[in-house]
Amino acid sequence: MTQEQIQIPRKIINQLLHLAQISPDLEVCGLIGAKNGLPCSCYPVKNIAEHPQLSFQLDAAQQISAMAKMREQDEQLFAIYHSHPTAPATPSITDLKLASYPHALYLIISLDTKGILEMRCFKIDHQSAQEIALSLSDDA
């Protein structure tokens, strides 16, 4: 993928921001499915990390279920998202080390922004992150 900018539908952005806001002390996480390269579905997955305030680990059973639902809907994995309750919307050292889907994008939502939520997108491969510009679309 050599994209320099991606568009995400407003309904998905709003859903991600809402999920982060209703669990402000814990990292929320999940998957985004896409059809024909266009993000269209959000699949929240339980965070089973030992310290969910500081990191995330997708619940394996829920991740498998979400991937199966994507296949049923003829979707592909587009992105993995998670929030940072008290850190900027940039990949942490742990995020870089544990990123294991080089073909997926990584969306990070920060709640550490004085009332304004921040979301940024990264391509992570071999523990290196490249930021991809995000824009909203009004597509369904």
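The rules behind the values
Residues numbered from 1 in each chain as written. Predicted model: local features only at pLDDT ≥ 70, side-chain atom pairs only at ≥ 80, totals over all residues. Heavy atoms only, no water. Buried < 20%, exposed > 50% of the residue type's maximum accessible area, 1.4 Å probe, protein only. Helix = DSSP H or I, 4+ residues; strand = E, 2+ residues; numbered from the N terminus. Pairing = 2+ DSSP bridges. Expected span 1.5 Å × (residues − 1). Arc of directions from axis to C-beta. Salt bridge = Lys/Arg side-chain N within 4 Å of Asp/Glu carboxyl O.

**Concerning the pairing of strand β4 (residues 76-84)**
Reasoning step 1: Here β4 lies mainly inside the structure; seven of its nine residues are buried.
Reasoning step 2: Two strands pair when backbone bridges link them, and strand β2 (residues 29-35) and β4 are joined in this way by six bridges, in the antiparallel orientation. Paired with Cys-29 across the two strands is His-82, which belongs to β4.
Reasoning step 3: Bridge count for β4 against strand β5 (residues 105-110) is six bridges, and the pairing is parallel. Across the sheet, Ser-83 pairs through a bridge with Ile-109, a residue of β5.

**Section: helix α1 (residues 10-22)**
Reasoning step 1: With 13 residues, α1 extends 18 Å from end C-alpha to end C-alpha; this agrees with the ideal 18 Å at 1.5 Å per step.
Reasoning step 2: Every buried residue belonging to α1 is among Ile-12, Ile-13, Leu-16, Leu-17, Leu-19 and Ala-20, and all of these are buried. Seen along its axis, α1 keeps its buried residues to an arc of 155 degrees; they face one direction.

**Thoughts on the pattern of salt bridges**
Reasoning step 1: Applying the stated criterion across every chain yields a total of two salt bridges.
Reasoning step 2: The closest approach of N and O atoms between Arg-10 and Asp-138, which form a salt bridge, is 2.8 Å. Placement of the pair is Arg-10 in helix α1 and Asp-138 in the segment after β7 (128-137), with a sequence separation of 128 residues.
Reasoning step 3: You can call Arg-10 partly exposed: its relative accessible area is 38%.
Reasoning step 4: For Asp-138, a relative accessible area of 64% puts it in the exposed group.
Reasoning step 5: A salt bridge links Glu-131 to Arg-120; the nearest nitrogen and oxygen atoms lie 2.5 Å apart. Remark: Arg-120 occurs in strand β6 (residues 118-125) and Glu-131 occurs in strand β7; sequence separation between them is 11 residues.

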